[in-house]
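# Tertiary structure, described
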Amino acid sequence: MSLRKLKLKTRMILILGIVALLQTGLIGVFALNYLTQALDKQIATRALHLATTIAAIPEIVTAISKRDTDTLQPLSLTLAAEAEARYVVIGDAHGIRLAHPNPENIGKSMQDDETSPVELQFPEKRGYSYTALGSLGWSMRARAPVYADNDELIGVISVGYLRDRVDAVIERYQVTLVLVIVVSFAISVIIALWFANHFKKAIFGLEPEQIGLRFEEQNATLESIREGIIATNATGVITTFNRAATTNLGLKPDTQLIGRHVSCVDIDKLMLETLESGHSQFDQEIWLHDKSMIVNCLPLEREGEILGVVASFRPKDEVDLVSRKLTRIQQYADSLRSQSHEHANKLHTIGGLIQIGAVEQALNLIGQETKAHQALIELLLNAVPDPVLAGCLLGKFNRARELGLHLAIDNDSRMAELPDHLPREELVSILGNLIDNALEATLKHSGKTGEVSLSMTDLGKELIFEIEDQGPGIPTENYHQIFEKGYSSKESHGHGFGLHLVKSQLERLNGSITLEPGELGGSRFTVYIPKTAETSELKHG
């Protein structure tokens, strides 16, 4: 079975277990080998020391010179027992045994039980040690020369220690090593289980292959988003970005941002503020490379700890374009809906008059309707030749009639010199929001008998629009607040954005708006838009 098919926990147990087995096994083999060599050396040294000591005993020297086997035989056995040696063998200068643990071997050559005969030579008059297989088994042997007073070689002392004692020690250590390996493996399994559970929790229970797939999906998702995305860790180092980010920041497409501090990009101020405070920032407008950007910053948190920050940003003109298109569609829909509703009511009324035989009254109603619409259309054709603006005003006129109100357009109004550079969608959005607010305020305060007046002029260097309602009016202390995003006098949610949008659009057009009490008892909004193309300066913030 492939290792990839196993779960992460199983893989970690196997890997840590195998590592533990290899480590303890290698260390154990090395330790046993080292211990064997050390014990062999220790026993060899001990045997050589014992042989040298025995060779220097005067009684031994005398007995060897006399070939006194009766004295040497019991003495060798006593020395072997006291030194815990396997044997002490005493021979003459030619290697003929004079004392041996087995009396039957006395008189025989010491070379008889050597698998590889060792010469009885002592060039430096010193003994030596070696390992050999003798008649009693493998043993560590040492031989020391025995010299007479005239430095004549008269005998040899051979001492042996069987290696079975070494093997017994090694066997005990082998048992200990096996126990250590088993315990190490068990501990490794326990550690692997704990670590695997902790690691799986940290990666939300995903397998490595799933993480890799999620990573590829995340990259594909980031690259498919038109908004620029930048993410940092807790120290402000960039960990993620997409190509839209480099495009919106005016960087080269192949620029690598990962691993660099966020201060290398122009939106670092907002991101560092979010990283420090831990509070999200939405729809923050900054001026970047001659473009207005809308930036959102959100902190990454886990259990109350700030782990980083994610910022998304895109040019404001794209957002405004979508907003303007939606506003325009909404206005067209309102216009069509109001006209359809009003005409349906009129048709039902005319149909009823005809059914009851009131033909003259039906004709008068048709004439009035035609006359009112015709007068408005003639006014718009003469004063507002631009079809987009005229269509907006016609729609708002019908919307007012549907609400039971009257939108009075000043007959002296004129808006024939609309500059080509002026976006019609923004102009329609500005007027539409102001007229809708005026209609709502009038309906709420004055009922269905109220009126909203509109006058406009293109004389001079500015386009001027004046909208006045019969609402309750706005307190002077609230004049600046009403243009803030989210501020509304209505209790329901979803309000408080129209006037903020109007203010923002006028800033883009380098225009302005004023508010004052109206002659009809409500409020009067006056909009000023320069005819010349100028760009307002948006400051970072």
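Residues numbered from 1 in each chain as written. Predicted model: local features only at pLDDT ≥ 70, side-chain atom pairs only at ≥ 80, totals over all residues. Heavy atoms only, no water.

Spanning 16 residues, helix α10 (residues 387-402) covers 22 Å between terminal C-alpha atoms, matching the ideal 22 Å at 1.5 Å per step. Within the span of α10, buried status applies to V388, L389, A390, C392, L393, G395, K396, F397, N398 and A400. The backbone nitrogen of V388 has a side-chain oxygen 3.2 Å away, supplied by the residue at the start of α10, namely D386. Phi turns positive one or two residues past the end of α10, at G404, with a value near 85°. (Helix = DSSP H or I, 4+ residues; strand = E, 2+ residues; numbered from the N terminus. Expected span 1.5 Å × (residues − 1). Buried < 20%, exposed > 50% of the residue type's maximum accessible area, 1.4 Å probe, protein only. Polar contact = N/O pair within 3.5 Å; in protein donor to acceptor, adjacent residues only side chain to side chain.)

Moving on to helix α2 (residues 58-65). Of the residues making up α2, those classed as buried are I60, V61, A63 and I64. Along the axis of α2, the buried positions cluster into a sector of 170°, meaning they face one direction only. (Arc of directions from axis to C-beta.)

Across 6 bridges, strand β14 (residues 512-517) lies against strand β15 (residues 523-530) in antiparallel orientation. Of the residues in β15, the one forming a bridge with S512 is Y528. (Pairing = 2+ DSSP bridges.)

Scanning all chains against the criterion turns up 2 aromatic pairs. Between F30 and Y34, the ring centres sit 6.3 Å apart and the planes meet at 20°, which makes this aromatic pair stacked. You can see F30 and its partner Y34 sitting in helix α1 (residues 8-55), 4 residues apart, about one turn around the helix. Given a relative accessible area of 55%, Y34 falls into the exposed group. Each ring, one from Y128 and one from Y130, has its centre 5.9 Å from the other, and the planes form 35°; the classification is tilted. Exposure remark for Y128: the relative accessible area of 19% places this residue in the buried category. Between the NZ or CZ atom of K503 and the centre of the ring of F483, over which it lies, the distance is 5.7 Å. (Phe/Tyr/Trp six-rings, centres within 6.5 Å; stacked < 30°, edge-to-face > 60°. Lys NZ or Arg CZ within 6 Å of the ring centre and 35° of its normal.)

This part takes up the side chain of T442. Locating T442 in the fold gives a position in helix α11 (residues 424-446). In this view, T442 contacts L405, G447, G450, E451, V452, D469, Q470 and G471; residues no more than four positions away in its chain are not counted. (Contact = heavy atoms within 4.5 Å.)

The subject of this paragraph is the pairing of strand β6 (residues 228-233). As a general feature of sheets, a regular strand has side chains that alternate between the two faces. Within β6, 5 of the 6 residues are buried, which leaves it mostly tucked inside the rest of the structure. Bridge count for β6 against strand β10 (residues 305-315) is 6 bridges, and the pairing is antiparallel. The residue of β10 that forms the bridge with A231 is V310. In this structure, β6 lies alongside strand β7 (residues 238-241), joined through 3 bridges in antiparallel fashion.

Let us now look at the packing of α2 against helix α3 (residues 69-82). One can describe the packing of α2 onto α3 by two numbers: an axis separation of 9 Å at closest approach and a directional angle of 140°. Relative to α3, α2 is oriented oblique. In this structure, α2 meets α3 at a crossing whose hand is left-handed. On α3, the residues touching E59, I60, A63 and I64 of α2 are T71, L72 and L75. (Axes fitted to C-alpha atoms, helices over the stretch in contact; angles between N-to-C directions. Parallel < 35°, antiparallel > 145°, perpendicular 65-115°, else oblique. Left-handed = near helix turned anticlockwise from the far one by under 90°.)

This part is about the sheet that holds strand β8 (residues 281-288). One open sheet accounts for 5 strands, arranged β7-β6-β10-β9-β8; its pairing is antiparallel. At either margin of the open sheet sits one strand with a lone partner, and together these are β7 and β8. Going across the sheet, the axis of each strand differs from the next one's by a mean of 25°, ignoring polarity. Relative to β10, strand β9 (residues 291-302) runs antiparallel, the two sharing 10 bridges. Residue pairing across strands places L298 opposite V310, the latter belonging to β10.

Let us now look at the environment of A231. Positionally, A231 belongs in strand β6. What makes A231 buried here is its relative accessible area of 9%. The sequence separation of A231 and L300 amounts to 69 residues, and the corresponding C-alpha distance is 9.2 Å. In this view, A231 contacts V237, I238, T239, T240, V309 and V310; residues no more than four positions away in its chain are not counted.

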